[in-house]
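# Report on the structure
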Amino acid sequence: AQILEDGYDIEIVEAHHNQKLDAPSGTALMLADAIADACAEPKALEYDRHSKRQKRSKEEIGMHAIRGGTITGEHSVIFAGRDEIITISHSARSREVFATGALRAALFLIGKAPGSYSMSDLIHE
């Protein structure tokens, strides 16, 4: 985001099952916050573009939520520039990946001092 913000429009698309209550998802909001923090210029989240009749602003991050079927979770960050699109995406095909991650985090905590840990701590050990 830091490198691409000047020449690219940024959009986040997420999809989940039809029973999910929140939209956009917490993960999509976390991605938007991380992108906005990395950018030099302030960014605003745009959730409701259909109600606007104006061109897209360079200061926005578009947020799109899809709800349907049994989609476990999909997130894509799209950097759309002149004549090219860069997409970073993740698709969870079952909830097992989240359970595996929770178990890995629990094993990481064994023997650790009380405190606050992040995913960065787990990944870099």
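The sections below set out a description of the structure shown in this document. Please read all numbers here as calculations on a predicted model, not as lab measurements. Chains are numbered independently. Their residues run from 1 in the order of the written sequence. For a predicted model such as this one, the threshold for reporting local features is a pLDDT of at least 70, and the threshold for listing and counting side-chain atom pairs is 80 or more; totals across whole chains, interfaces and linings nevertheless cover every residue. The side-chain quantities take in all heavy atoms of the structure and omit both hydrogens and water.

## With respect to the overall build of the protein chain
- Regarding its fold elements, the protein chain presents three helices and five strands.
- A run of H or I in DSSP becomes a helix once it reaches four residues, and a run of E becomes a strand once it reaches two; helices and strands are each numbered from the N terminus. Listed by position from the N terminus, the elements making up the protein chain come as β-α-β-β-β-β-α-α.
- In terms of principal-axis extent, the alpha carbons of the protein chain reach across some 55 × 35 × 25 Å.
- Out of the 125 residues belonging to the protein chain, those deemed buried represent 25%.
- Carbon and sulfur atoms make up 56% of the accessible area of the protein chain, which totals about 8,800 Å².
- In this tally, Asp and Glu contribute negative charge and Lys and Arg positive charge; neither His nor the terminal groups of the chain are included. Charge positions come from single atoms, namely NZ of Lys, CZ of Arg, CG of Asp or CD of Glu. Seen as two clouds, the 14 positive and the 19 negative side-chain charges of the protein chain have centres 5 Å apart. Each residue's exposure class comes from its accessible area (1.4 Å probe, protein chains only) as a fraction of the maximum for that residue type: buried when under 20%, exposed when over 50%, partly exposed otherwise. Method for areas: the Shrake-Rupley scheme with a 1.4 Å probe, in which residue coverage is limited to the protein chains shown.

## Some details on the nonpolar core
- By convention a nonpolar core is built from buried Ala, Val, Leu, Ile, Met, Phe, Trp, Tyr and Cys residues, the set being connected through side-chain atoms within 4.5 Å. The biggest cluster of nonpolar side chains holds 12 residues, and these are Leu4, Tyr8, Ile10, Ile12, Ala28, Ala32, Ile35, Cys39, Ile61, Met63, Val77 and Phe79.
- Mapped onto this core, the elements with two or more residues apiece are β1 (9-16), α1 (26-38), β3 (60-67) and β4 (73-81).
- Contact between two residues is taken to exist if any of their heavy atoms lie within 4.5 Å; hydrogens are not considered. Those residues in contact with Ala32 that sit more than four places away from it in its chain are Ile12, Leu45, Ile61 and Met63.

## Considering the environment of Ser116
- With respect to the element layout, Ser116 can be found in the loop between α2 (96-109) and α3 (119-123).
- On the basis of relative accessible area, Ser116 is assigned to the exposed category, the value being 74%.
- In the structure, Ser116 is positioned 50 residues away from Ile66 in sequence and 33 Å away in space, judged by C-alpha atoms.

## Section: the sheet that holds β3
- When DSSP finds two or more bridges between two strands, those strands count as paired. If you trace the five strands from one edge of the open sheet to the other, you get β2-β3-β1-β4-β5, paired in mixed fashion. In the strand order of this sheet, the two ends are held by β2 (44-46) and β5 (84-92), each with one partner. Adjacent strand axes in the sheet meet at a mean angle of 20°, parallel and antiparallel pairs treated alike.
- Sheet topology note: the β2/β3 ladder contains three bridges and is parallel. Here, axes are lines fitted to C-alpha atoms. For helices the fit covers the stretch in contact, and angles between N-to-C directions go from 0 to 180 degrees.

## Some remarks on the pairing of β4
- Bridge count between β1 and β4: seven bridges; the pairing is antiparallel. Along β4, the bridge assignment pairs Asp9 with Ala80.
- The pairing of β4 with β5 spans nine bridges and is classified as antiparallel. What sits directly across from Ile78, in β5, is Thr87.

Geometric values such as these leave the question of function open.
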